[in-house]
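Each chain, written out:
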Amino acid sequence: MAEKLIISGDSKAEKYEVLYKQIKELVGYETDEIANMANISSMIHEAFGFLWTGFYRVVGEELVLGPFQGPLACSRIKFGKGVCGTAWKEACSLVVPDVEQFSGHIACSSLSRSEIVVPVLSDGVIVAVLDIDSRELSTFDEEDRLWLEKIVALLGRQ
Ligand code: SME
C-alpha cells in the first residue's frame, strides 16, 4: 500500500494525522528513545518547515540538549528557566505566541518569534521536553498542543 505523503498544501490537521500514524508505526518497531526522538524531530521539522524542532532531556537538575533539527542551540537549561525549564517546572505545555513577551525566554536564535514546549512523560514523570521554534509570530495554538501531546505520548509508552 502506498504511504501517504505530506503535501505542503495539506491543512495542519491533515499533516498531524499523517505524522501521528507514521510516528506510531516508528515507535512500534524501534525501542531506543534517542533514535525515536531523532526521527520524530526530523519528521515534524520536515512536515512544517519550522525554524527549530527538538528535544531537551532531563538529566539531574537540568535539561540537556537532545536530538534536534535546525540551528545551533544552547546545551543546558536549568529547572524553571526559559520556556523549556518553565514547562518542566509547571509540568504543562506552554504555547508562546510572541517570545519577546515571555519573561525569561532564552533566545537560542534571534530568528525565533513564537514557540511551543510540550513535556514528555514516562510513568507520570517528565523525562524530556519537545521544543519547537517558529520564524513567525503566533504559529502555535491549541490544535498544535493537542497533536504534539498525542505524539510525545507515543514516546512514553516504550
Ligand atoms: N527558547 C528556549 C530555549 C531553547 S531554544 O529555543 C532551542 C527557552 O526559552 O527555553
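Criteria and thresholds
- Residues numbered from 1 in each chain as written.
- Predicted model: local features only at pLDDT ≥ 70, side-chain atom pairs only at ≥ 80, totals over all residues.
- Heavy atoms only, no water.
- Helix = DSSP H or I, 4+ residues; strand = E, 2+ residues; numbered from the N terminus.
- Buried < 20%, exposed > 50% of the residue type's maximum accessible area, 1.4 Å probe, protein only.
- Contact = heavy atoms within 4.5 Å.
- Near = heavy atom within 4 Å.
- Polar contact = N/O pair within 3.5 Å; in protein donor to acceptor, adjacent residues only side chain to side chain.
- Areas by Shrake-Rupley, 256 points an atom, 1.4 Å probe, with all protein chains shown as cover.
- Disulfide = S-S within 2.5 Å.
- Pairing = 2+ DSSP bridges.
- Axes fitted to C-alpha atoms, helices over the stretch in contact; angles between N-to-C directions.

Colleague: Explain the side chain of aspartate 10 residue by residue, including any values.
Modeller: Its place among the elements puts aspartate 10 in the segment before helix 1 (12–29). The class of aspartate 10 is buried, set by a relative accessible area of 16%. When near neighbours in sequence (up to four residues on either side) are disregarded, aspartate 10 contacts Lys4, Leu5 and Lys15.

Colleague: Describe the site of the ligand, listing the residues and the values that go with them.
Modeller: As a structural note, the neighbourhood of the ligand is formed by 13 residues, with Val83, Cys84, Ile106, Glu115 and Asp133 the closest of them. The contact in question runs from a nitrogen atom of the ligand to an N or O atom on the side chain of glutamate 115, over 3.1 Å. In this structure, aspartate 131 approaches the ligand through a side-chain N or O atom, which is 3.3 Å from an oxygen atom. Relative to its unbound accessible area of 300 Å², the ligand is 98% covered by the protein chains. Counting only elements with at least two residues in the shell around the ligand, the list comes to strand 1 (52–59), helix 3 (82–90) and strand 6 (125–134). The greatest single-element share of the shell around the ligand, amounting to three residues, is contributed by helix 3.

Colleague: I'd like a rundown of the state of the cysteines, residues and numbers included.
Modeller: The tally for this structure, following the rule as stated, stands at zero disulfides. Of all cysteine sulfurs, the one in cysteine 74 lies closest to cysteine 84, which takes part in no disulfide; the gap is 7.4 Å. For cysteine 84, a relative accessible area of 3% puts it in the buried group. Its sulfur unpaired, cysteine 108 is 3.1 Å from the next cysteine sulfur, which belongs to cysteine 74.

Colleague: Tell me about the sheet that holds strand 5 (residues 114–122), and name the residues and values.
Modeller: With antiparallel pairing, the six strands of this open sheet are ordered in space as 3-2-1-6-5-4. Two strands bound the open sheet, and with one partner strand each, they are strand 3 (76–78) and strand 4 (94–96). Direction aside, neighbouring strands of the sheet carry axes that sit 25 degrees apart on average. Inspection of the sheet shows strand 5 paired to strand 6 by nine bridges, in the antiparallel sense. For leucine 121, the partnering residue across the bridge sits in strand 6 and is isoleucine 126. Its contacts with the sheet place helix 3 against strand 1, strand 2 (62–69), strand 3, strand 4, strand 5 and strand 6, and it is angled at close to 40 degrees to strand 5.

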